[in-house]
Amino acid sequence: MASAALQRLDALHLHVVPGGNASRRDGGRPIVSGDGVWIRDAEGRALLDALSGLWCVNVGYGRDELVDAAVRQMRALPCCEGALEMTTPTAERLAAHLLGLAPPGFAEVSFAASSSEANDAAIGIIRRYWALRGQPQKQIVIARRGAYHGSTIAGASMGGIAAMHDQLPTPLHGFHHVMPPYTFAFAEPGEDAAAFGLRAAREIEAAILEIGPERVAAVVGEPVMGAGGVCVPPATYWPEVERICRHFDVLLHADEAITAFGRLGHWFGCDAFGFVPDVITVGKALTSGYQPMAAILLNQRIAETLQDGAAFFDGYADAAHPVACAVARANLDILEREGLVERVRDDIGPYFASALAGLADHPLVGEVRCLGLMGALELVADQIDGGRLEDAGALGARCRELGLAEQIVLRADGDTMVVAPPLVIGRAEVDELVVRCRRVLDEALGELQARPASLPFGGDSAR
Ligand SMILES: Cc1ncc(COP(=O)(O)O)c(C=O)c1O
């Protein structure tokens with residue numbers, strides 16, 4: 001079917017995002033194949049996927065091994081219900097494999113079909129844990145403003161995105177939001193990053209004291225906030241958050257939907273910052289996006305408490321799906337065999353960081369942030385408008401659109417461009433990525449300079 005016809009159908013059927021954005025109006029861009037770090041649209045144009053799907057495709061597109069693993073499992077056994085007290089060898093091996101990679105002290109794994117569901121499950125487990133420990137009043141979860149933890153009602157309530165709260169029928173109770181460790185946005189003039197990291201962590205302490213430690217169940221955070229604009233926290237932040245959680249006997253939940261499996265040069269993002277959470281949720285790159293799958297990892301203390309308690313009604317029909325488990329195992333094998341995690345830490349990650357840093361001289365770039373293969377360009381218009389643009393997010397949205405014209409898939413988080421390519425990206429591809437980003441920035445700068453002062457920049461592009 002022709003590309004335009006597919007787009008018209010998508011606009012009618014709203015396959016992707018049921019929101020009032022450009023996708024709703026025009027339909028999404030039809031994509032038909034992928035290979036390595038490249039995807040191809042229905043018109044045959046190759047686009048550099050600088051987002052890895054959406055933080056998913058760590059081992060790159062076109063991996064026959066993952067396809068073969070899925071087909072073998074589908075032939076042998078395509079479905080098996082954990083709810084009926086059955087399991088599969090592939091699920092058990094995957095759980096053991098994940099526990100072998102996890103930080104010390106982790107003892108139990110359960111599965112879900114998306115990270116939103118995994119986070120929902122984690123909220124339920126955490127509250128259940130405290131009830132079983134005789135402290136049912138410990139219910140409140142502290143999260144960060146701007147964080148994204150999923151689109152289910154609980155995930156959106158736990159997340160700190162005000163626009164998502166506004167669209168919920170009623171945001172769920174029991175969540176409290178504090179300042180994220182976003183140095184560029186929130187550090188005081190002259191405050192160094194280390195001091196800011198401690199101040200951001202101590203906002204959590206202040207919140208615990210204000211709410212009362214006897215009512216706080218957990219603190220949740222992504223090791224590096226992705227949707228909030230790739231906020232790489234100062235090194236002081238997580239150790240202090242961990243100390244505060246231990247001091248007040250509050251659980252620490254790391255939402256590693258996007259940071260696990262090598263993105264930051266470690267198997268888990270918490271390893272990159274030297275802290276050990278009590279609960280970890282993962283998804284996306286668990287299967288490199290080849291199958292929908294997520295997991296909830298629990299430490300010994302929580303696992304034992306749950307096992308001792310009465311039945312806990314939880315679980316999804318598609319959790320521990322055998323085909324997804326088989327693909328996840330094959331994916332972990334590839335990551336291990338090809339040393340992709342270490343490659344990000346020691347080789348391509350540092351190369352990417354220094355290549356991306358080369359864009360810091362551009363007039364539209366206020367800051368370049370990077371850790372592993374998670375990078376961001378913070379856009380500013382200081383030199384054009386004497387400050388940020390009046391319409392926050394317009395510059396980011398326009399750069400994302402210009403990226404598609406330059407055949408590179410970027411994400412705009414407000415006015416932050418997010419860059420997170422598959423872990424298999426080569427050095428020449430990193431160079432190409434940076435060249436395309438610079439072209440995007442130059443074009444946006446040209447448009448900004450050319451626009452009549454009375455007109456807002458951007459238009460009604462998707463956010
Ligand atoms: C940190 C974080 N948590 C949860 C999710 C939700 O993942 P999913 O879309 O698989 O439900 C995302 C999605 O990007 C995410 O970035």
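The structure displayed is predicted, hence computed values, not measured ones.

Conventions and cut-offs
Counting of residues starts from 1 at the beginning of each chain's written sequence and follows it residue by residue. Local features in this predicted model are restricted to residues of pLDDT 70 or higher, and side-chain atom pairs are both shown and tallied only at a pLDDT of 80 or more, whereas totals for entire chains, interfaces and linings draw on every residue. Side-chain measures here rest on the full set of heavy atoms in the structure, leaving out hydrogens and waters. For every residue, the pLDDT score states the predictor's confidence, bounded by 0 at the bottom and 100 at the top. For this analysis, residues touch if any pair of their heavy atoms sits within 4.5 Å. Two strands pair under a simple rule: DSSP has to find at least two bridges between them. Helix and strand definitions follow DSSP, with helices as H or I runs of at least four residues and strands as E runs of at least two, each counted in order from the N terminus. Fitted lines through C-alpha atoms serve as axes, helices being fitted only where they are in contact, and the angles separating the N-to-C directions of these axes extend from 0 to 180 degrees. Put simply, a nonpolar core is a bunch of buried Ala, Val, Leu, Ile, Met, Phe, Trp, Tyr and Cys residues held in one set by side-chain atoms that sit within 4.5 Å of each other. Burial classes follow relative accessibility: with a 1.4 Å probe on protein chains only, a residue under 20% of its type's maximum area counts as buried, one over 50% as exposed, and anything between as partly exposed. Roughly parallel here means an angle under 35 degrees, roughly antiparallel means over 145, roughly perpendicular means 65 to 115, and every remaining angle is called oblique. Should the near helix be turned counterclockwise from the far one by less than a right angle, the crossing is left-handed, whereas a clockwise turn marks it as right-handed. Residue polarity is assigned by list, with Asp, Glu, Lys and Arg as charged and Ala, Val, Leu, Ile, Met, Phe, Trp, Tyr, Cys and Pro as nonpolar; anything else, Gly included, falls into the polar class. Under the convention used here, Asp and Glu are negative, Lys and Arg are positive, and both His and the chain ends fall outside the count. Salt-bridge detection follows one rule: a side-chain nitrogen of Lys or Arg within 4 Å of a carboxyl oxygen of Asp or Glu. Contacts described as polar in this section are N or O atom pairs within 3.5 Å, which, within protein, must combine one atom able to donate a hydrogen with one able to accept it, while residues neighboring in sequence count only if both atoms come from side chains. Between rings of Phe, Tyr and Trp, where Trp is taken as its six-membered ring, a pair exists when centres lie within 6.5 Å; planes separated by under 30 degrees are stacked, by over 60 edge-to-face, and by other angles tilted. By the criterion adopted, a ring carries a charge over it if an Arg CZ or a Lys NZ lies within 6 Å of its centre and within 35 degrees of its normal. A single heavy atom is enough: if one lies within 4 Å of a molecule or strand, its residue is considered near that molecule or strand.

Participant: An account of the confidence of the model for the chain is needed here, citing residue identities and associated values.
Facilitator: Chain-level pLDDT for the chain is 92 on average; 92% of the residues reach the 70-or-more range. Confidence over residues 459-463 falls short of pLDDT 50; this stretch has 12 contacts with residues more than four positions distant or in other chains.

Participant: I'd like a rundown of the sheet that holds strand E3 (residues 46-49), residues and numbers included.
Facilitator: Read across the open sheet, the four strands follow the order E1-E2-E3-E13; overall the sheet is mixed. Strands at the two margins of the open sheet, each flanked by one partner only, are strand E1 (31-35) and strand E13 (408-409). Inspection of the sheet shows strand E2 (residues 38-41) paired to E3 by three bridges, in the antiparallel sense. Considered in E3, the bridge of Trp-38 is made with Leu-48. Helix H18 (residues 427-450) contacts E2, E3 and E13 of the sheet and is inclined by roughly 100° relative to E3.

Participant: Can you tell me about the sheet that holds strand E12 (residues 374-379), naming the residues and giving the values?
Facilitator: Pairing within the open sheet is antiparallel, and its four strands lie in the order E11-E12-E15-E14. Whereas interior strands pair on both sides, the edge strands pair on one side only; in this sheet they are strand E11 (365-371) and strand E14 (411-413). Neighbour-to-neighbour, the strand axes of this sheet turn through a mean angle of 25°, independent of strand direction. Bridge analysis of E11 against E12 gives six bridges, and the strand direction is antiparallel.

Participant: Account for the nonpolar core, naming residues and giving values.
Facilitator: The biggest cluster of nonpolar side chains holds 105 residues, and the ones touching the most others in it are Phe-261, Phe-268 and Leu-433. In this view, Leu-433 contacts Leu-48, Ala-50, Phe-352, Leu-356, Ile-408, Val-419, Pro-421 and Ile-425; residues no more than four positions away in its chain are not counted.

Participant: Requested: an account of the packing of helix H4 (residues 64-76) against helix H14 (residues 322-337), with residues and values cited.
Facilitator: Angle between the axes and distance between the axes are the two parameters that describe a pair of packed helices. The N-to-C vectors of H4 and H14 enclose an angle of 150°; their axes lie 8 Å apart at closest approach. Taken together, the axis directions place H4 and H14 in an arrangement best described as roughly antiparallel. Both H4 and H14 take part in a crossing whose hand is right-handed. Taken together, the residues of H14 that come into contact with H4 (itself represented by Glu-65, Leu-66, Ala-69, Ala-70, Gln-73 and Met-74) are Pro-322, Val-323, Ala-326, Val-327, Ala-330, Asn-331, Ile-334 and Arg-337. Of the residues contributing to the contact of H4 with H14, the split by class is 10 nonpolar, two polar and two charged.

Participant: Break down the packing of helix H17 (residues 394-405) against H18 for me, citing the residues and quoting the values.
Facilitator: Between H17 and H18, the least distance of the axes is 9 Å, while the angle of their chain directions is 125°. The angle between the axes of H17 and H18 places the two elements in the oblique class. Every pair of crossing elements has a handedness; the one defined by H17 and H18 is right-handed. Between H17 and H18, the contacting residues are Leu-395, Arg-398, Cys-399, Leu-402 and Gly-403 on the first element and Val-440, Glu-443, Ala-444, Glu-447 and Leu-448 on the second.

Participant: Outline the side chain of Lys-138, supporting the account with residue identities and numerical values.
Facilitator: Locating Lys-138 in the fold gives a position in the loop between helix H6 (115-132) and strand E5 (140-144). The side chain of Lys-138 sits in the buried core without any salt bridge; Asp-249 is the nearest counter-charge, 5.4 Å away. Only 3.1 Å separates the side chain of Lys-138 from the backbone oxygen of Val-216, close enough to count as a polar contact. Other than its neighbours up to four places away in sequence, Lys-138 contacts Trp-130, Pro-213, Glu-214, Arg-215, Val-216, Ala-217, Phe-248, Asp-249 and Val-250.

Participant: Any details on the pattern of salt bridges? Residues and values, ideally.
Facilitator: For the structure shown, the criterion picks out 20 salt bridges. Across the pair Glu-205 and Arg-243 runs a salt bridge, and its minimum N-O distance is 3.8 Å. With Glu-205 in helix H10 (residues 193-211) and Arg-243 in helix H11 (residues 237-248), the pair connects residues that are 38 residues apart, well separated along the chain. Assessed through its relative accessible area of 19%, Glu-205 is described here as buried. A relative accessible area of 39% means that Arg-243 is categorised as partly exposed. When the shortest N-O distance is used, the salt bridge between Arg-369 and Glu-378 registers 2.7 Å. Among the charged side chains, a salt-bridge network with shared partners connects Arg-202, Glu-205, Glu-240 and Arg-243.

Participant: I'd like a rundown of the packing of aromatic side chains, residues and numbers included.
Facilitator: Enumeration according to the criterion identifies five aromatic pairs in this entry. Aromatic side chains Tyr-129 and Trp-130 sit 4.8 Å apart centroid to centroid with 75° between the ring planes, which places their arrangement in the edge-to-face category. Overall, Tyr-129 belongs to the buried group, its relative accessible area being 0%. Where Trp-238 meets Phe-275, the ring centres are 4.4 Å apart and the plane angle is 15°; that geometry is what we call stacked. Of the two residues, Trp-238 is situated in helix H11 and Phe-275 in the loop between helix H12 (269-273) and strand E9 (279-282); the sequence distance between them amounts to 37 residues. Across the pair, exposure class does not vary: Trp-238 and Phe-275 are buried alike. The structure contains a cluster of three or more aromatic residues connected by ring pairs, namely Tyr-237, Trp-238 and Phe-275. Directly above the aromatic system of Trp-130 lies the positively charged group of Lys-138, at a separation of 4.7 Å from the ring centroid.

Participant: So what's going on with the site of the ligand? Residues and values would help.
Facilitator: If you check the shell around the ligand, you find Ser-114, Ser-115, Ser-116, Asn-119, Tyr-148, His-149, Gly-150, Glu-222, Asp-255, Ala-257, Ile-258 and Lys-284 and nothing else. Between Ser-116 and the ligand, the recorded distance is 2.5 Å, taken from a side-chain N or O atom to an oxygen atom. Asp-255 places a side-chain nitrogen or oxygen 2.7 Å from a nitrogen atom of the ligand. Considering each element in turn, the shell around the ligand owes the most residues, three residues, to H6. Classifying every residue of the shell around the ligand by side-chain character gives three nonpolar, six polar and three charged.

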